[in-house]
Amino acid sequence: MSVHQISVFLENRAGQLAEVTKLLSDNAIDMRAISIAETKDYGVLRIIVDDTEKATQTLLASGCILSKTPVTVVCVPDVAGGLAPLLALLAENQLDVEYMYSLFTHKEGKAYMVFRISDEERFNAVLAANGVPTADKDELGLK
């Protein structure tokens, strides 16, 4: 099951990230995950929030350029090396990781990793065939 991540395109200038996170905070939007990548000319802020629609509307109203992307959140054991078997499974099935990052949330010995994979359908089939659990919106407390 996928959830939606919001990717916000940012200018490379001091304070841009602070402005976006303050805007979310001022509108009672709770970030569940955050990742930032930058190039010479711009940055891409990837976030998962508790209310994707509210965040999208708020960010667009403030003039942000953004996109929404489905991503898969995978449950991994919250222990040393808990991610290694999953990454080995992906390598074994020749699935390319475009990017990944973690959620702030940890529950009952589980950690959560966000994955964007080149072949999302095959990725989900491999996870299901190997009994690897994914998290849905309810489990993560998302609207």
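The structure this text deals with has already been given above.
Predicted model only: the values in this text are computed from it and were never measured.

### Some remarks on the sheet that holds strand S6 (residues 110-117)
Across the sheet, which stays open at both edges, the 6 strands sit in the order S2-S3-S1-S4-S6-S5 with antiparallel pairing between neighbours. Edge positions in the open sheet fall to strand S2 (31-38) and strand S5 (97-107), since each of these has one partner strand only. Ignoring strand direction, the axes of neighbouring strands in this sheet form an average angle of 30°. Pairing geometry for strand S1 (residues 2-11) and strand S4 (residues 65-77), over 8 bridges, is antiparallel. By the bridge assignment for S4, Ser2 is matched with Thr72. Along the sheet, helix H4 (residues 120-129) contacts S4 and S6; its crossing angle with S4, the most-contacted strand, is approximately 15°.

### Notes on H4
By the burial criterion, the buried members of H4 are Glu120, Phe123, Val126 and Leu127. In an axial view of H4, the angular spread of the buried residues amounts to 120°, which keeps them on one side of the axis. Counted as exposed and oriented over 90 degrees from the buried face of H4: Glu121, Ala128 and Ala129. Once H4 ends, the next one or two residues include Gly131, with phi positive near 65°.

Calculation criteria
- Each chain carries its own residue numbering, running from 1 in the direction its sequence is written.
- With pLDDT at 70 or above as the cut-off, local features in this predicted model cover only qualifying residues; side-chain atom pairs require 80 or more to be listed or tallied, and sums for whole chains, interfaces and linings still use all residues.
- Only hydrogens and water are set aside; all other atoms, that is, all heavy atoms of the structure, feed into the side-chain values.
- By this definition, two strands are paired if DSSP reports at least two bridges between them.
- Strands here mean DSSP runs of E at least two residues long; helices mean DSSP runs of H or I at least four residues long; both are numbered from the N terminus.
- Note on method: axes are straight lines fitted to C-alpha atoms, helices fitted across the in-contact stretch only, with angles between N-to-C directions ranging 0 to 180 degrees.
- Throughout, a contact is declared for two residues whenever any of their heavy atoms are within 4.5 Å.
- For every residue, the accessible area obtained with a 1.4 Å probe (protein chains only) is divided by the maximum for its type, and the residue is called buried under 20%, exposed over 50%, and partly exposed between those limits.
- Arc definition: it is the arc formed by the directions from the helix axis to the C-beta atoms.

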